[in-house]
Structures are given as structure tokens and as C-alpha cells.
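The lines below spell out each chain.
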Amino acid sequence: MPRYQPSRIEPKWQEWWEARGTFATPRLPAGRKAYILDMFPYPSGDGLHVGHPAGYTATDIVARFERMRGTTVMHPMGFDAFGLPAEEHAIRTGTPPRQSTERNIATFTRQLKMLGFSYDWERVLATTDPDYVRWTQWIFLVLFDTWFDPVLQQGRPIAELPIPPDVEAAGQAAVAAFRDGHRLAYQSEAPVNWCPALGTVLANEEVVGGVSERGGHPVVRIPLRQWMLRITAYADRLERELDGLDWPASIKKLQSDWIGRSTGAEVDFPIGAQEGADSAFARWKAARATTGFPETPGHEVLRIYTTRPDTLYGVTYMVVSPEHPLLDALTVPGQREAVAAYRAAAARKSDLDRTDLAREKTGVFTGTHVVHPLTGTAIPVWVADYVLASYGTGAIMAVPAHDDRDFEFAGTFGLEVTTVVEPDERPAKPGELFTGEGRAVNSGGYTGLATREFISRVADDLENVGLGRPAVNYKLRDWLFSRQRFWGEPFPILHELGADGEPTGILRAVDPAELPVALPELTDFKPGDTPDPPLSRSPAEWLFVERDGRRYRRETNTMPQWAGSCWYYLRFLDPRNTDRFIGPEIERAWMPVDLYIGGAEHAVLHLLYSRFWHKVLYDRGHVSHPEPFGRLVNQGMILGEMEFTGYRSPKGGWVSAEKRGGDDVPAKVPADQVEKQGEHFVLRDAPQVRVESRAYKMSKSRGNVVNPDQVVRDFGADALRLYEMFMGPLEATKPWSTSGVSGVRGFLDRCWRLVVDERADDLVLAPQVCDESPTEDQLRELHRTVDKVTRDIESLSFNTAIARMMEFVNFCTPLERRPRAILEPFVTILAPFAPHLAEELWAMLGRPAPVSLAAWPQVDGRWLRDDTVEVPVQVQGKLRGRVTVPADADAETMRSAAAADPKIAELLAGREIVKVVAVPGRLVNFVVKG
RNA sequence: GCCGGAGUGGCGGAAUGGCAGACGCGGCGGACUCAAAAUCCGUUGCCCGCAAGGGCGUGUGGGUUCAAGUCCCACCUCCGGCACCA
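In this text, all values refer to a predicted model and were calculated from it rather than measured experimentally. (Residues numbered from 1 in each chain as written. Chains lettered and ligands numbered in written order. Predicted model: local features only at pLDDT ≥ 70, side-chain atom pairs only at ≥ 80, totals over all residues. Heavy atoms only, no water.)

Glancing now at the overall build of chain A. Along the backbone of chain A there are 29 helices and 41 strands. Burial statistics for chain A: of 930 residues in total, 53% are counted as buried. Sequence-distant contacts in chain A: of pairs separated by 6 or more residues, those separated by 24 or more amount to 71%. For chain A, the exposed area adds up to about 41,700 Å²; of that, 51% sits on carbon and sulfur atoms. Computing the positive centroid from 107 side-chain charges and the negative centroid from 126, chain A places the two 3 Å apart. (Helix = DSSP H or I, 4+ residues; strand = E, 2+ residues; numbered from the N terminus. Buried < 20%, exposed > 50% of the residue type's maximum accessible area, 1.4 Å probe, protein only. Contact = heavy atoms within 4.5 Å. Areas by Shrake-Rupley, 256 points an atom, 1.4 Å probe, with all protein chains shown as cover. Lys, Arg positive; Asp, Glu negative; His and termini not counted. Charge placed at Lys NZ, Arg CZ, Asp CG, Glu CD.)

Right, let's get into the pattern of salt bridges. Tallying each qualifying case throughout the model produces 59 salt bridges. Here Asp310 makes a salt bridge to Arg308, at a shortest N to O gap of 2.8 Å. The partner of Glu453 in a salt bridge is Arg457, with the nearest N and O atoms 2.8 Å apart. With Glu453 and Arg457 both in helix H15 (residues 451-464) and 4 residues apart, this pair spans about one turn of that helix. For Glu453, a relative accessible area of 37% corresponds to the partly exposed category. A cluster of three or more residues bridged by salt bridges with shared partners is formed by Glu266, Asp268, Arg288, Glu295, Glu300, Arg303 and Arg469. (Salt bridge = Lys/Arg side-chain N within 4 Å of Asp/Glu carboxyl O.)

Let us now look at the sheet that holds strand E41 (residues 923-929). Within the open sheet, the 4 strands sit side by side as E39-E38-E41-E40. Their pairing is mixed. Because the sheet does not close on itself, it has two edges, and the strands there are strand E39 (878-886) and strand E40 (912-919). With strand direction ignored, the average angle separating the axes of adjacent strands in the sheet is 20 degrees. Pairing of E40 with E41, which is carried by 7 bridges, proceeds in the antiparallel orientation. Looking at E41, one finds that Ile913 is bridged to Val928. Helix H28 (residues 891-900) rests against strand E38 (868-875), E39, E40 and E41 of the sheet, and its axis sits at about 65 degrees to E41. (Pairing = 2+ DSSP bridges. Axes fitted to C-alpha atoms, helices over the stretch in contact; angles between N-to-C directions.)

The next subject is a positive patch on the surface. Side chains of Lys878, Arg880, Arg882, Lys903 and Arg911 sit close together on the surface and give a patch of like positive charge. With 3 residues, E39 is the largest single contributor of residues to the positive patch. Relative to the elements of secondary structure, Arg882 occurs in strand E39. (Patch = residues over 30% accessible without salt bridge, like charges linked within 9 Å, V, L, I, M, F, W, Y side chains within 5 Å.)

Another aspect to go through is the packing of helix H23 (residues 738-755) against helix H27 (residues 835-844). Packed helix pairs are specified by the crossing angle of their axes together with the interaxial distance, meaning the distance between the axes. With their axes 10 Å apart at the nearest point, H23 and H27 run at an angle of 10 degrees to one another. As summarised for this structure, H23 and H27 are arranged roughly parallel, according to the angle between their axes. On the side of H23, the interface is formed by Leu748, Cys751, Trp752 and Val755, while H27 contributes Leu837, Glu840, Leu841 and Met844. For the contact of H23 with H27, the class distribution of residues is 7 nonpolar, no polar and 1 charged. (Parallel < 35°, antiparallel > 145°, perpendicular 65-115°, else oblique. Nonpolar A, V, L, I, M, F, W, Y, C, P; charged D, E, K, R; others polar.)

Function-wise, these values are silent; they only describe arrangement.
Here is the structure:
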């Protein structure tokens, strides 16, 4: 009984391909190239999820298709293997992260191979490989060695950074500090979420409502020395250069919004002018008129950023963020206690709390006033956490009449509201909130100006008198690049130690020849009592080194998981190069990536970070193209199987879903006990009870996770691949359905029976398979199938490609004679989708393996054209009949053919024909009167 | 609140402004079988009708058009993301 048995043929062909290196990619492409890339997975302990093969199958189909068309294809796979779970596992069990990571990679590799993906496994890499870490660290050193030239808008070697004379004069240490302050990789104090109970620093997403997600322990934000990457320097280029990319518009917009460019003005408000101190203010203004607007503000002014300098005359108070450096200086003795308490409370709040929970505005008056630079009036300064320290200058001018946050704050604290903008279409109402554009009122010499004109004019005016200047800001922040973790790349940086054993502040890059800086062997991964990174507990022989007679302590922070994924697409091209991170000739030949498929969860960060690194490498001449990824596609999420949920009251009876209360408990209802009634699903036995129907995200806690191993065992890898592609459009979110899998498995069974005689005792061809010439009908069917499948692969519409192949099989199944000349091309186009079955059928048909490298069939256009077409005939736009006409019939021919149809003639009899629409090859429509 | 995306049979979905529901699941009927499974064939949007046939149908309400699932306006629901960025 030679039935289709995936468990027999799939491993066989996987071994065959591997043994012969079927999918090995040459060093350089010959002719047309295609770099087809998946977002590589994090090898979690749970193994492959059914979401992974969705994207991986899509790229695999395209890769196999391109290969069959003669393209040289690069299709690699690897592992993003640093990351928190391995470290937490280590803390719990004492297993070194490298060990558990290797075990997980082995599982992922087995599962990926089981699905028959045509990766060149010779190129596999993990971001944790010492050889890979070496080059990640090397790229960090490139960043460390680069400053951004704002004039050329380009990253340049730090040695080329112009040193101002006064810095030069201050000596070598000053020059070094100046350089360190301009590098793309620099150090700064940044707040971290330190959880004393867990003894570890937490990522933002691990902190929920001010306590740790695990354990619910309190978390405090404390400043810690951190490594930052100056991604903001590249903000403009990262935004502008999105333009030329073949990415979904929605992803481009997401990135652009994330970068969040805004334009406006910076304005200085002098601090501390008392009543009657007009002369001091006048002197300050006069001085500014000659010195101009200083690059950095002194302590005598409060500098603010605003996008609406046209509302300058409506300022009624100022706000500084709780972390503002001038806050202490601004606070008068009487307010000191209140301000200190407020600041302490703000420090306890995480970013999430400051936004999510505390919507109502809070703040404290500092007791100080600043002077309005144009009107000279005194303006009170408040501290409030609705102003963020990390954006703009960390201080704002508040215009309650024209900003909803300021309006709300002013309402809470009874502050003045001064209207200075009037809507175009009506007069302003005093005390109302109006955030739109209009014309200026009550604004000195600017009164009457339109918002836009006001903005550009006032920014220039302010600049001319040294009180302000036009400014650009980004929501994008510099990238906090260090983690207080063990399982990451160590920084290749040494901190010089003084005679006292304390750091001198002088940094030294590790010599590239010494890379990689390997992680030390730790036996104890347990957290400590301080927020120092685990590496600070390394053995002294790792931690302390001597170079050129000086003592150094190694940097003990590690890089975030993003680091490795920032450049893996480059290393795949030249994975064993020991001299360079990638050979230039190879890079030029293969880059950029032609198709990049992965989950939308990486739409912003991963793609932005890699683009940033790539641009730095480009500026420094290490890569040849400014953008890494040409065409990008996000595959949709796969949800669990559809579930019906009913609700039971505490007394036990059913409660209709729309009437449920808090006490009612959800209960799963089997699908066969439910039926649809109108808009809703109801219980079959109690139709007055509505139930909810929904598919949920797969999760362990919900217990709806589908395991790919199990699916392969039950249906085969080809069925899993095919099903994931048949479910719906690649980019859509769609629910899993086990009966759907069995449906495509049925299709594969039918493919098998098209070629193989299932009733014979031995594996032999079906008796219908013959060497006869195909009929015209058969050729037409074949060529139309090939044509549709070809176009659908190009547009990644795999679901409709499969549907078309199903139609072909449905067409062939009843044939008593099945010519090889149509079966063989069909098996060829099936190969990218169901490669194992295709290889087996190809061999059955006596063709030399592998079909995976067989030539893609050519479509003969003459089989795509029809001699005659059946077109619909409408009367008043309603379908009333059909007529068959020659395919090339003109409108008049079609009209008369339609009018001659007895049924149509009857409908038209006695009515006046107002108009006839006849679209050649499409339809005829009679528009009649009466 | 803001920004995306999506609403089409019992279900997943298909449809360059031109025959709505391809293909698959599920259902129903039949053939094969002692029977069942498997397989093959047919049928399957809803309503009225014995039938011929007719009516209604792509979230809701309007509009454009000879013709709208598709274009425009307003709204509703669901999903995803962002969220005090001055």
C-alpha cells in the first residue's frame, strides 16, 4: 500500500539535499542575485513556534523559486542567541547560559531542518559565537572611533574632529574629554530600574506599575553610568532615506513617527528678575543683542523649546521637569521641602507610571519667576512631571490657552489663561482652549499675523537679538546601549586606573587584534546587592589588565540583545572571514538584502538600529550601500484555534455574553454546541444565550499553543508549510485551524495519487500516467496554472497560488490519461511549496533529482488566450443572461449578440433603450427607460 | 486620545470599478463496500417557490457611476501599535 507517507520521504530528501550540498551558495553570485533573508529567531527554550514557519516558508518558496529561475540565491539562517531568558535560567539552575543556549540552538536547528528549508547551513551563525562577538565588538569600536560631522551630515574618524583652541590649550586630558564627548559611543548617567529585592536592573517592560513583573518587588529609578549610542545624530538621514525603500508605507510611517522630527524655536527666559529690576533685564537684553544666542545656556537663563513660538505672548507660567539641572537653583528656601518631596516622588515613578497612571497633572511652584524676553513681565516657574527631562531642553513655556496639557495644568492650579490665537472663522472666547492654527491676537507687533507666518518671523527676530533661535527636536533619543547583565557582548573598553585603584576617567579601546573580549567563566550568576553588572564580580585576572605599564579595569556592562542583530545580515555573506567582518568584494556583490521578512514587532527598533549601524559603516567606508534592506515584508501573527466562550453565573446557570457581570465566569464551549443566529453565536440548546467567538494569541497560559513537531508528526512538513501559506495573505493575522491543515494534507494526498498507484502493492506509477501528447485543454490548464503561480509567488500571494494548483489537481484527477508533459511541469512548480513531495514525485516520474534545481517552466502565451468568451448581459445593471462571443468581438458585435439572446430580447421588448455599455471581453449592459 | 489595519457564506478566505463568494474546511446527497474508513462524483450564500423563476445579499447610513466588496463622505465594531515629545 504505497500511500503518501511524509514521515518516510521527508527525512530522506532532507538528507539527500544535505549530503549533496544542494543549497550551498557560492562565494559570489553568478549573474542575477537574490539575497532572501528571514529575521533570525531567538532560540527560546520552548522551541519553534508555528509563527516562525510562516515567514520562513514564505522566504523559502521565493528562494527556491528564484533558484529554479537561474538566480544565484543567498538564503541563510542563524540565531539571535544572547538574551535574558538564558541568564534567568542560569540564575535559577546554575546552568551556564552558553550551555542552555547551545541546547536550544540544537533544538531549533533540528526543527528548522525538519521543515525542509533550503538554507545554506554552512553559513549558520549565532550572535554568541566568539568569532561573531569579535566583529560585533569591532563594530562597536568603529562607533567609538566615529564622530558625526553636522555640516557634512556624515560620520567621520574621531582623529578628524576639529579641536577648539581653548580645549587644545587646556591640555591632553581636555582634548581626550572633548573627543569622548563627541563619539557616537559615549558614556552618560542614565536612570535604570533597579530592583533591590531581585538584585538586578530591569528592562522597562519588566516593570509594571512601579513593581517588578516577577515577584512584585518595588523598583526604584537610580542614575547609573551607561553607554549611549548617538543615533539622534543620524535622525535626519534615518528619516529621509526611508524614501527610497520598498517597505510597507505603514512601517515607514511608524519609523518616521518614532523619529518624531519637530521644528520650532528655543527661547531663553532670564531667571530671577524682581520687581523694579527692569534695568538688569534691559542690560541682559542689550548684552544678548551683541553676543547673540549662546550655544549652551548659562545658569542665568531658563532655556525652553517650543513648536509654537507664535504663542509667546500667551505664556502665563513656566515648567521645568523634576530632573532639570537648574531646579535647585530655581527653588526658593520656602519651597525647598515641597519641591524635594515632589522630585523624590517623581523619581519613584517609572516612565510608565508617569504616563499611564498619573493622568491628572501634578506640580509644585518653585517660588521663582523668570522674565518674559519680549514683554518683560515676570512669569512663575513650576516643576511638574508632565514635562520630560529627556526631550527638548527639559523645560517649557506654558501657554494654557493653546495647549491642552498646559490648559489642564492651569485648570488644576488656578493659573491664568491668556488667549493669543484666534480661529480664522470666528472670534476667540476668553479662557477657552484652542490648539489649532489661526491668527495672532494680543501679541504686540505680531498681532494679526497668521500662525505660520508668525512662527517663521518670530524665530528669525529672536535670533537677530540673541534671545532665541529656530530649533529642531526629535522624539528619538540616544540609544541606551549598556545592560547590567551577564549574557551579552562585553564592551571592548578599558578604564584606566589611578594609583589609588580608582578610575581616572580615561578610556582605552581594546586593540582590535585582541578581540574578542570573551565573557569570563562565572560559576555564580546570582544577583548582588548593588546595581553593578554581574561582570564586576568576575575573577581579577579577567577584570584587571595591564597595557603599556598602566593598570586598567575592564568595562563590566554588556551590550543589549539588539547589538548582534544589527549586522548579522552582513556576516552571513562571509561567515568564516578571520581578517575582516566581511570581505568588500563579497559585500558589494550581495548587498543589499533583496527580500527581508519578519514579524511586525521589529518594525521600529531592530530595523532602525540596523539601519543606523549600517549608515555608520557606510560613512566609514566599510559597506557600499547606505541602506541594508531593500524590500521588507511583515508576516502576520498566527493566533490559536477559534474558541467559543460562554459565561456561567456563580449559581451555575448560563449568562448571555452581552449581559455578563463581573462575577460570571467564562467557560469554553465546544464548537458543536454552538450555532450562529443573526450577528451572534448562541448555545444550540439554549439559543437565548449568546457566546463569544474569538481566536486568541497563542500562549502557554491559555493552552492554545500549536507545536510544529506535533503537526509534522500528524500531517508532515510539506502539509505544515503549505497550510501556513494557504491560511490567508502572508501579512494578515489569522487563526490556526487543525481541520485546515488536514485539508491541505488532502491536497498533497491527491497530488501523490495523480502520479502514484496507491492501490498497487509496490511503489509504481499510476496507470493513468502516459507519454501521450497533452490535449489543448490540458495545455491550457497547465499554462494558466504556471502563469498564475509564477505571478503569485512574485507578489507573495501564496494562498492564491496554492488554490490554483488545487484547481489543476482537481482538473487532472478525473483524467483517464495523464500525460507526463503536464504532470512534470506541475511537479516542478509544486516544488517550492512542498519540496519533499515534489522530489519524490519527480523521482517517480523518472526524472533526475533534484527537482529543487530544475528549470522553472516557461509559460506559452498562446494558451492564456481564449477564442471565445462568455460575457454577462445586464439590464439596468442586473445580471439577466450570458452570451458567448469571439474574444476579440467589438462593442457593436457584443451588443447585437446580447440583444439577439431570446431572454434579453424579451426583457427589452417595448422599452426604450437609453444607452448600451459594451466593454469588449467583459460585459454588456442595457440601460432602459420604463 | 492619536496612528495603522480589518469587517464578505457556518469557518479560513478569493475577486485590474464589470458574472460576489475562486480554493479549502464543514454540511448534505450519491457511487464503491456485507458494513465502516479511505477514495471518487455531485451539491452547498440567504429567503419565497413543486418547478420555471423571482427577490435579497460584502459592518451601518448617505453619495458618485450604465455598473460599487472595490471610489468619496459620515458613522459603528474588532484587532494591533503609540501614548503628557511642548
